[in-house]
Each structure stands twice: as C-alpha cells, then as structure tokens.
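Overview (structure and organization)
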Amino acid sequence: MTTSDFVTDVNGNEKLNQLGISRVVEVRTATRTEKRLEGSGMQDFSTVPPEPPRALHRYTGWARLRSMRTAIWLLLAVAAASVVGSLVPQKNNSASRVSKFVADHPFWGTVFDRLMLFEVFTSWWFLFLVGMLLFVLFLCLLPRTRALVDYHRSFKQPPSEGSIPSLSFSRRIETARNPEEALSLVRSALSRARWRVSPQNGRFQLIAEKGWWREAGSLAFHWALFGVFLAGALTVATKFEGYVAIVEGHRWYEGGQVTFDDYSQGRFASLVNPHRNFYLTLEDFDVRYRPDGSPENFTSTVTLEDERSGIKRQDYIRVNKPLNYGGVKIYQASYGWAADAKVTEGDKVLFEGPVLFFAEDRSSGPSPPTGVVGAIKLPSASGGQAGIELRLFPDFRLVPYRATNPDAPEASQRGALDIITVGDEANRPLVLVTEYRGDLGLDRPQNVYRLDKRLLSEVDQTFATFPGHSNDKIGDSVELSGGLRLQLLSLRRYSVFQVRSDTWGASVAAVAGAAVFISLFPALYSWRRRIWVEVSPRRPSSTSSEPVDSERSGASVEIRGKAFQRRELFEAEFDAVVNAISDAVSGSEKRCCIS
C-alpha cells in the first residue's frame, strides 16, 4: 500500500493520511531493504495531507454504514419519527384522545396501532433507530479519535527523511550559521510563535503545525453530540413521568403507576430507575391574582415524608422551582377547586370524598366564565347506574342569556338569565347539579373526572352551595331521584404536580450540553496550518575550489507552508513566520529570497 492509497481508504486510515501520519515498514528485495511509508508512527516529511472529505462523501459496503452520511440519514429518520409522535396522540399522555381517534377512524386507528404510532417513543422501531444512530456515530468517531491520538504522539518523533514538498508558499533564508545551530534557532522561533514543532531528523528537517485544536474541538463536539443523543436515548428508555392532583390536607404516595392520574415510563425504567416510595402531603395552597383576574403566583406548601430513611420536612413548590428528592423532581403544574361531597341512599353511603373540578377542555387553572365541571359515578345505585355532574361557579353572577349565548333559543325569551363566574376566589360559590341515569361505560377507557354521557340520560337538575353560603332557597344538600341525597361538605383547593425522574438522561445531557458549547470555540475559531522546514549546508560559489565546510560556509533554510482553512489569512501569517525565523537566524551573512 502506497501513501496515495490512504485517500481512498475510509475513516481511520483516511484520517491518518489527512493528518500526515505514516508508519515506516521494511520491504525486502533481492538487492536492498527499501523503506516505504504506511500507517501511523511518525510524520511523513514529504507528504502533504489531503483535504478532508465532505460529510456526505459516498462510500460503499461497511464503509457506508460507518460513514457520517449514514448518521445524517438516521438523524433525519429520528427527527421525522419525533414529528409523528408529536402529531399523533400518544397512549402514555393522552389515552382518551387515542380512544376517540380509534372510534372516529376505525381503519386508520387499527393501522396506527399495529405500526405503534400511538406509542412512538417507546416503540421497538424508534428505539432501534436511536440505537443505530448511536452505533453509527460511535463507528464514525472511534477511528477519528484513534487517528488524533496517533497524530498527537507522532509529533514526539522526528519526521521521516524525504524531499520537502512543493508548495505555493515558499521562502529560502541564507545564513552564516551552521545547519544544526540554524535549525535550533528555527525551532525556538516557531515555539515562541506557539507552533507545535516536531523533533528534527537526520537531514535537519522538521514539521510545525498550528490549529491542532480545530480537529480536537471538532472531535469533542461530535462526541458531545453523541452524548446528547445518548442522553435522549437514556431518557426515553429509563425515565418515568406522571401527573397527580392532591387536595389540601390529603396525602399521596409515590409508589408506582397506580398512584398517578396520568403516567408514562421507559421500557427499562423499572429496572434502573425505581420509585422512591415517599409520601407527599399538600398542607396549603396559596394563589395571588392580578387586577385583571389572572394568576400572578401560586405556591404549594407540602410535607415530604420517607418512612424508610426517617426524613420528614416541609417545603414549598412554586412555578419553575421544583422539589427534588432522590432524583425525583416535583413541579408545580396547575391547580383548581375540589368539593368534599357525600352521596347517600337511605343509610347507605355510596360516595364520600373529594370531587375535582376541571374546565370543559379538561384543563385546570383559573375558572373560566362557564365554570368548572366535576363528576361522581355511582355504579352501585339501586335502580341502575347513576352519574352526577357538578358544575361549579366560584363567584357566580346572573347575566342576560343573550349576552352569553346570543344564538340560543333562550336568548329571545324575555328575562332569560344565564349563570357565569366572574372570579376564582369562591366568595359566592354556586353548584349546578345534574343527575344522569343509564350506562356509565365503565368497561371503556375514560376520564375518571368526567362522565361519559353517550349512554346516559338526564334525569334532574338543581342547584346547591356550600356550608356558610347556603340560604332558604339554596342549601348545601339536595334530594335526587331514587332516594339519592347529595351533600356538599366543603370547598378546598387542589394542586396538580408533575412528577418526573430522569437521573440517567439528565446527568449525561448536562455534561454533553456543556461540552457541545465549549468545544465549539476551538472548532470554529482555530485554523490548521502546517510548515515544513529543511536546513542544508549553503553551496559555495561555482568559482571556489575550496572543499565545503558547513561550519564556515553557513546554511540555507527552506520554509514551505500550507493552510487547510482560511487560506486568505495565511499569506500574512506565513510572512510573519518567515520574518521571525529570519530574525532568529540572522548573522554576519543573511539573505532572504523567494524560492
């Protein structure tokens, strides 16, 4: 294999040639031992490193798999899959939307389900794409890393002996100093100018380079990107995340999927990222409003208790200021109202507990004018299943119907009024109670905070309020059909928390993200230059008959250079190097001319 063969090789071998690294091997012939250059070991003095290939350079076979071109295509595939995952509803965070999509589009719902498009980020094919991307990136970077290490080591050895390459940037300096002294001064001048200088060989030759940090920075940048992708893969595979709504005074246990209102986890989360099994109690929730009624700030006061370690402490959770315990971060997501209610049928208690209210779009937060809705499901009621829908108006006001629903038939009726809420501080709470009978649909996936009314019929509708706000017209309890009795006990706040654990992916992402930023500076703001220097005894004049004495005749310093980036700046840099060398080797005789 000759030196030119490295240009057609890939990755590792190609990179060795680009860096100008070569290995000396002996090829025995019948007449002599011939030295040829192959591989790594020392700098090849007579070889000019070729230009690096483009990222989209075409390869074949195994070389194609381990090329940057393949990595780019895989990255595009992962990005496209991520877009699909953001557009198509996912089972782990929107199961109700998935069920609705399947019901509305049976054919496409079946196709999407078989292709795992409802669970893109945990599907085997998405994890395969991410794994292949990491694998190909690793195959791309490993040879480059080895080549850079070999290149770094090669500068500790003298370059192989050879003829100085022919380049456009070339100067010759004549000096009265002997070759050994002149080369020593050249080395000192280059070192002072912060050039990386190799040792000299037996023919008074050396190589100097600048911009080594460009390749090191580029390599570090790509390894950091590898780390970012690895962090993403670890996050998808090992994280767990969920939402939970806790009512004031209630305690929640972080012990697994069944304790969350909404939950998702990676395929390997149960193996490497177990739950921490602590308790969280919402002691108090405080919200402050702006003059326009929008929330300005809200804070949850909580007590965290871990019975295994004996830890018990009070803390505060605010927006963008989560509580962190054992790698589990608890974020303040939203809030709302919850009514303590009790439903009885004679002496039998059918339901007792908090009813959480959400807006019509199933969001939490400040109450919209139309109020917020909660539900009570009574599958064991006598006479068939029953459902009670509660619509809360925290600060109700009666307004003309035409002001809220101008197109409704009631709007044309004189004196028709509608109910809205004008605040969210529960100064005048009113609850619209609607009773339904029929099939609750508990054998179908549904929202636990909503009634599935598709197989339900409305039976009765009335009003109620809470103790302290009742009067002779509206009380805190109402009688419903079939002997059912609803009693409202109190109105309290609830807080919605996002609970997330991503210790593996977050740690790698933090380090990799910092490395990406830092490595950009040397990769973008340093440029690779190489200089070849050869010092030879100065030739005597043609009329002299005296033998050549290098100690007295002086030396000729040949300097040649090449820029691999920003060539337009190299002419001034090269002239500065030549002037520095010329000043260093100046003596009683010194001439500088263009070769």
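Here, the structure is the one placed above.
Residues numbered from 1 in each chain as written. Predicted model: local features only at pLDDT ≥ 70, side-chain atom pairs only at ≥ 80, totals over all residues. Heavy atoms only, no water.

With that out of the way, let us pick up the environment of Val373. With respect to the secondary-structure elements, Val373 resides in strand β15 (residues 372–378). According to the relative accessible area criterion, Val373 is buried, its value standing at 2%. Each C-alpha atom, one on Val373 and one on Leu392, is 6.3 Å from the other, the two residues being 19 residues apart in sequence. Setting aside residues up to four positions removed in sequence, Val373 forms contacts with Leu356, Phe357, Phe358, Glu360, Glu389, Leu390, Arg391 and Arg450. (Helix = DSSP H or I, 4+ residues; strand = E, 2+ residues; numbered from the N terminus. Buried < 20%, exposed > 50% of the residue type's maximum accessible area, 1.4 Å probe, protein only. Contact = heavy atoms within 4.5 Å.)

Below, the discussion takes up the sheet that holds strand β20 (residues 456–464). Strand order in this open sheet of four strands is β15-β16-β19-β20, and the pairing throughout is antiparallel. On the outer flanks of this sheet lie β15 and β20, each paired with one strand and no other. Each adjacent strand pair in this sheet contributes to an overall mean axis angle of 20 degrees, direction not counted. Two strands pair when backbone bridges link them, and β15 and strand β16 (residues 386–393) are joined in this way by seven bridges, in the antiparallel orientation. What sits directly across from Gly374, in β16, is Leu390. (Pairing = 2+ DSSP bridges. Axes fitted to C-alpha atoms, helices over the stretch in contact; angles between N-to-C directions.)

Turning our attention to the packing of aromatic side chains. For the coordinates displayed, the defined rule picks out 26 aromatic pairs. With a centroid separation of 5.5 Å and an interplanar angle of 15 degrees, the aromatic rings of Phe101 and Phe112 are classed as stacked. Linking Phe101 in helix α5 (residues 95–104) with Phe112 in helix α6 (residues 106–114), this pair joins segments that are eleven residues apart in sequence. Accessibility expressed as a relative area gives 22% for Phe101, which makes it partly exposed. (Phe/Tyr/Trp six-rings, centres within 6.5 Å; stacked < 30°, edge-to-face > 60°.)

Bringing the pattern of salt bridges into the picture now. A complete count under the given rule lists 26 salt bridges for this structure. For Asp315, the salt bridge goes to Arg313, with nearest N and O atoms at 3.7 Å. Take Arg313: its relative accessible area is 31%, and that puts it in the partly exposed class. One salt-bridge network, in which partners are shared between bridges, spans Lys239, Glu241, Arg500 and Asp502. (Salt bridge = Lys/Arg side-chain N within 4 Å of Asp/Glu carboxyl O.)

Two numbers describe how helix α4 (residues 68–87) lies on helix α7 (residues 124–154): the axes approach to 9 Å, and their chain directions differ by 155 degrees. By the angle class used here, α4 and α7 are roughly antiparallel. The handedness of the crossing between α4 and α7 is left-handed. Across the interface between the two elements, Met68, Thr70, Ala71, Leu74, Leu75, Ala77, Val78, Ala81 and Ser82 from α4 touch Trp125, Phe126, Leu129, Val130, Met132, Leu133, Val136, Leu137 and Cys140 from α7. Each residue belonging to the contact of α4 with α7 can be placed in one class, and the counts come to 16 nonpolar, two polar and no charged. (Parallel < 35°, antiparallel > 145°, perpendicular 65-115°, else oblique. Left-handed = near helix turned anticlockwise from the far one by under 90°. Nonpolar A, V, L, I, M, F, W, Y, C, P; charged D, E, K, R; others polar.)

With four of its five residues buried, strand β18 (residues 417–421) lies for the most part within the structure. By the bridge criterion, five bridges tie strand β17 (residues 396–400) to β18 in an arrangement that is antiparallel. In the sheet register, Val399 faces β18, and the bridge partner there is Asp418.

The next thing to look at is the sheet that holds strand β9 (residues 279–289). In any sheet, the strands associate via hydrogen bonds between backbone groups, in a parallel or an antiparallel arrangement. The antiparallel open sheet is built from four strands, whose spatial order is β7-β9-β10-β11. The strands lining the two open edges of the sheet, one partner per strand, are β7 (251–253) and β11 (311–318). Taken over all neighbouring pairs, the strand axes of this sheet differ in orientation by 25 degrees on average, direction set aside. Bridge analysis of β9 against strand β10 (residues 295–306) gives ten bridges, and the strand direction is antiparallel. Opposite Thr281, over in β10, you have Thr303 as the bridge partner.

As a further point, take a nonpolar patch on the surface. Where nonpolar side chains cluster on the molecular surface, the patch consists of Phe517, Ile518, Leu520, Phe521, Leu524 and Tyr525 and spans about 660 Å² of accessible area. Looking at where Phe521 falls in the secondary structure, it is placed in helix α12 (residues 503–525). (Patch = residues over 30% accessible without salt bridge, like charges linked within 9 Å, V, L, I, M, F, W, Y side chains within 5 Å. Areas by Shrake-Rupley, 256 points an atom, 1.4 Å probe, with all protein chains shown as cover.)

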